[in-house]
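# Architecture at a glance
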Amino acid sequence: MAATLLDSCMGLAIHSTLEKGLGSTTLEFKISFVRPITPQTGLIRAEGTVLGRGRRVGTAEGRITDSQGRLLVHGTTTCLIFEI
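Remember, predicted model here, so these are calculated numbers, not experimental data.

Procedures and definitions
- Residues numbered from 1 in each chain as written.
- Predicted model: local features only at pLDDT ≥ 70, side-chain atom pairs only at ≥ 80, totals over all residues.
- Heavy atoms only, no water.
- Salt bridge = Lys/Arg side-chain N within 4 Å of Asp/Glu carboxyl O.
- Helix = DSSP H or I, 4+ residues; strand = E, 2+ residues; numbered from the N terminus.
- Buried < 20%, exposed > 50% of the residue type's maximum accessible area, 1.4 Å probe, protein only.

### Quick word on the pattern of salt bridges
One pass over the full model with this rule turns up 3 salt bridges. As a salt-bridge pair, Glu19 and Arg53 come within 3.5 Å of each other at their nearest N and O atoms. Note that Glu19 is positioned in the loop between α1 (2–15) and β1 (22–33) and Arg53 in strand β2 (residues 44–53), a separation of 34 residues in sequence. Assessed through its relative accessible area of 31%, Arg53 is described here as partly exposed. A salt bridge links Asp66 to Arg70, with the nearest nitrogen and oxygen atoms 2.7 Å apart. We classify Asp66 as buried; its relative accessible area is 6%. According to the relative accessible area criterion, Arg70 is partly exposed, its value standing at 41%.

The following block contains the structure:
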């Protein structure tokens with residue numbers, strides 16, 4: 001679940017930079033689990049940030065934190081940008 005959430009928030013960060021007629025897909029991503037996510041963790045927040053974007057490739061980082069701002073999971077992604 002955490003990997004899917006992190007992949008989504010990083011991919012959407014890249015997607016937010018795309019012009020009409022462009023799409024993207026994940027080429028690769030790396031994830032690091034810092035703390036466990038359990039039912040007792042409560043609400044969590046996922047945030048993606050673009051690190052760089054070229055014509056064909058974009059990179060982003062993501063973080064999942066708990067309601068107190070503690071880091072639970074973080075990662076990076078490389079996305080392929082293409083015409084749709």
